[in-house]
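Okay, here's what each chain looks like letter by letter:
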Amino acid sequence: MSGRMENRVAIVTGGGSGIGGETAIRFAEEGAAVLVADLDPDRSANIIDKIKSFGGRAEYSKLDVRISSDADKMVSKAIESFGHLDTLVNNVGGGRGDDLINELDEETWNFNFDFTLKPTYYCCRAAMPKLLESAESRPGAAIVNLSSVNGMIAIGLPAYAAAKAGVEMFTKNIAIQYGSRGVRSNLVAPYTTRTDFWKPIFEADPETPKRLGDLNPMRRIGDPIDIANAILFLASDEASFINGALLPVDGGFTAGTDIFTRSGGRAGEQFWSSHAETGNF
Ligand SMILES: NC(=O)c1ccc[n+]([C@@H]2O[C@H](COP(=O)([O-])OP(=O)(O)OC[C@H]3O[C@@H](n4cnc5c(N)ncnc54)[C@H](O)[C@@H]3O)[C@@H](O)[C@H]2O)c1
């Protein structure tokens, strides 16, 4: 049986660990040749070794996602290594700063945009000519960009949220500009996911994963594989008519709130029946 990414060449930025690492592995398991583009060669070597251990194909490209010429080199490396390019996953990004905005300094603001929004532009711009070339001769050219629940609802990280919301509108614009030429662009928006980013925070307070998980209807945080499987789906032909979409992978966090049902006891029955009589809620 052939894999869902057979004969595809994919770049995964930040593919050295976490969500990107798991995505690189899932892509390779499904037959893709993967360029792991990451700042950290050691982490990346670990993922590449895992891929090679099951006979998959992977190469490394040193990428500092904040440097536009690195994005160009990354695309050239994919072509040199594997001949063409079908899939780009813009995974590097991250947030800093829960300050009230009158206390939010410019350095924090710039960090979020330089690390999250601008790189998405650099990498999409660098990859698009090769994605278009691929789309001329085969189906399946696709971009998957990483947003966050922070790009969808306000939870108190203003600069990061603004940068991720920017990633969302940027991606939707690419979707409408290039869909007719065979390149689909979509987004995944994760909830808190257990990656190295969180490691020191979880180590400092081991109750944090449970506390954050409890805010979520599924009562857990995400694992990288949860997000990687969603990215794989959007990159694969199973999503061939999905373009410009945002897929929350958040256990229902952005679907609404269960604070009413929680405050009313089991499934909220008492709460709703008592308030339905008075209409008082
Ligand atoms: N982990 C979460 O809780 C969570 C939640 C919502 C959204 N996201 C989003 O998912 C994506 C991945 O998150 P993660 O937690 O897996 O990331 P992470 O912080 O664990 O880092 C992933 C990889 O990025 C690499 N990296 C760091 N700086 C880089 C740079 N300047 N250039 C190139 N590579 C660099 C690291 O070496 C690492 O291998 C991000 O866009 C993030 O905003 C994550």
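The structure we're discussing is the one just above.
So, here is what we can say about the structure in this document. Keep in mind that this is a model prediction, so the values were computed, not measured. (Residues numbered from 1 in each chain as written. Predicted model: local features only at pLDDT ≥ 70, side-chain atom pairs only at ≥ 80, totals over all residues. Heavy atoms only, no water.)

1. A look at the site of the ligand
Residues in close proximity to the ligand total 31 residues, the closest being D38, N91, T193, T195 and W198. At 3.2 Å, a backbone N or O of L63 approaches a nitrogen atom of the ligand. Between an oxygen atom of the ligand and a side-chain N or O atom of W198, the distance comes to 2.7 Å. When isolated, the ligand has an accessible area of 840 Å², and the protein chains bury 91% of it. Put simply, the parts of the chain that give the shell around the ligand at least two residues each are helix 1 (18-29) and helix 5 (158-178). Partitioning the shell around the ligand into residue classes produces 12 nonpolar, 12 polar and seven charged. (Near = heavy atom within 4 Å. Polar contact = N/O pair within 3.5 Å; in protein donor to acceptor, adjacent residues only side chain to side chain. Areas by Shrake-Rupley, 256 points an atom, 1.4 Å probe, with all protein chains shown as cover. Helix = DSSP H or I, 4+ residues; strand = E, 2+ residues; numbered from the N terminus. Nonpolar A, V, L, I, M, F, W, Y, C, P; charged D, E, K, R; others polar.)

2. Side note on helix 2 (residues 41-53)
Between its first and last C-alpha, helix 2 extends 18 Å over 13 residues, near the 18 Å set by a 1.5 Å rise per residue. Taken together, the buried positions of helix 2 are S44, I47, I48 and I51. Mapping the buried residues of helix 2 onto a view down its axis gives an arc of 100 degrees, with all of them on the same face. Away from its buried face, by an angle of more than 90 degrees, helix 2 presents the exposed residues D42, D49 and S53. Next to the buried residues of helix 2 lie helix 1, strand 2 (33-38) and strand 3 (57-62). Its side-chain oxygen placed 2.9 Å from the backbone nitrogen of D42, D40 serves as the N-cap of helix 2. In the segment just after helix 2, G55 is the residue with positive phi, at about 85 degrees. (Expected span 1.5 Å × (residues − 1). Buried < 20%, exposed > 50% of the residue type's maximum accessible area, 1.4 Å probe, protein only. Arc of directions from axis to C-beta. Contact = heavy atoms within 4.5 Å.)

3. Describing the pairing of strand 6 (residues 183-190)
With eight of its eight residues buried, strand 6 lies for the most part within the structure. Burial along strand 6 is two-sided: the face carrying V183, S185, L187 and A189 and the face carrying R184, N186, V188 and P190 are both buried. The pairing of strand 5 (residues 141-146) with strand 6 spans six bridges and is classified as parallel. Within strand 6, the residue paired with N145 across the bridge is L187. On the question of chirality, the crossover connecting strand 5 to the parallel strand 6 by way of helix 5 is right-handed. (Pairing = 2+ DSSP bridges. Right-handed = clockwise from strand over helix to strand, strands pointing away.)

4. Focus: the environment of D98
Within the element layout of this structure, D98 appears in the loop between strand 4 (87-90) and helix 4 (106-137). With relative accessibility at 60%, the residue D98 sits in the exposed group. For the pair D98 and G156, spaced 58 residues apart in sequence, the C-alpha to C-alpha distance is 5.8 Å. The contacts of D98, once residues within four sequence positions are left out, are G156 and L157.

5. A closer look at the pattern of salt bridges
Inspection of the entire model under this criterion finds 16 salt bridges. Among the ionic pairs, E30 bridges to R4, the shortest N-O distance being 4.0 Å. Residue E30 is located in the loop between helix 1 and strand 2, and its partner R4 is located in the segment before strand 1 (9-13); the two are separated by 26 residues in the primary sequence. Residue classification places R4 among the partly exposed positions, given a relative accessible area of 29%. Of the charged contacts, one joins E30 and R26 as a salt bridge, the two residues approaching to 3.3 Å between their closest N and O atoms. Residues E30 and R26 agree in their burial class; the two are buried. One connected set of salt bridges, linked through shared partners, spans R4, R26, E29, E30 and E238. (Salt bridge = Lys/Arg side-chain N within 4 Å of Asp/Glu carboxyl O.)

6. Let's talk about the environment of I242
Inspection of the secondary structure assignment puts I242 in the loop between helix 8 (224-235) and strand 7 (246-249). A relative accessible area of 26% means that I242 is categorised as partly exposed. For the pair I242 and A154, spaced 88 residues apart in the sequence, the C-alpha separation amounts to 26 Å. For I242, the contacting residues outside a window of four places in its chain are R184, N186, F233 and L234.

7. Quick notes on the side chain of T171
You can see T171 is positioned in helix 5. From its side chain, T171 meets the backbone oxygen of V167 in a polar contact 2.6 Å long. Setting aside its immediate chain neighbours within four residues, T171 contacts N145, S185, N186 and L187.

8. Re the sheet that holds strand 3
Ordered by their spatial adjacency, seven strands build an open sheet running 3-2-1-4-5-6-7, and the pairing between neighbours is parallel. If you trace the sheet from one side to the other, it starts and ends with strand 3 and strand 7, each paired once. Shown here is a sheet whose adjacent strand axes are inclined to one another by a mean of 20 degrees, direction ignored. Across the sheet, helix 1 lies against strand 1, strand 2, strand 4, strand 5 and strand 6, angled at about 170 degrees from strand 1, the strand it touches most. The strands touched by helix 5 within the sheet are strand 5, strand 6 and strand 7, with strand 6 carrying the most contacts at an inclination of about 160 degrees. (Axes fitted to C-alpha atoms, helices over the stretch in contact; angles between N-to-C directions.)

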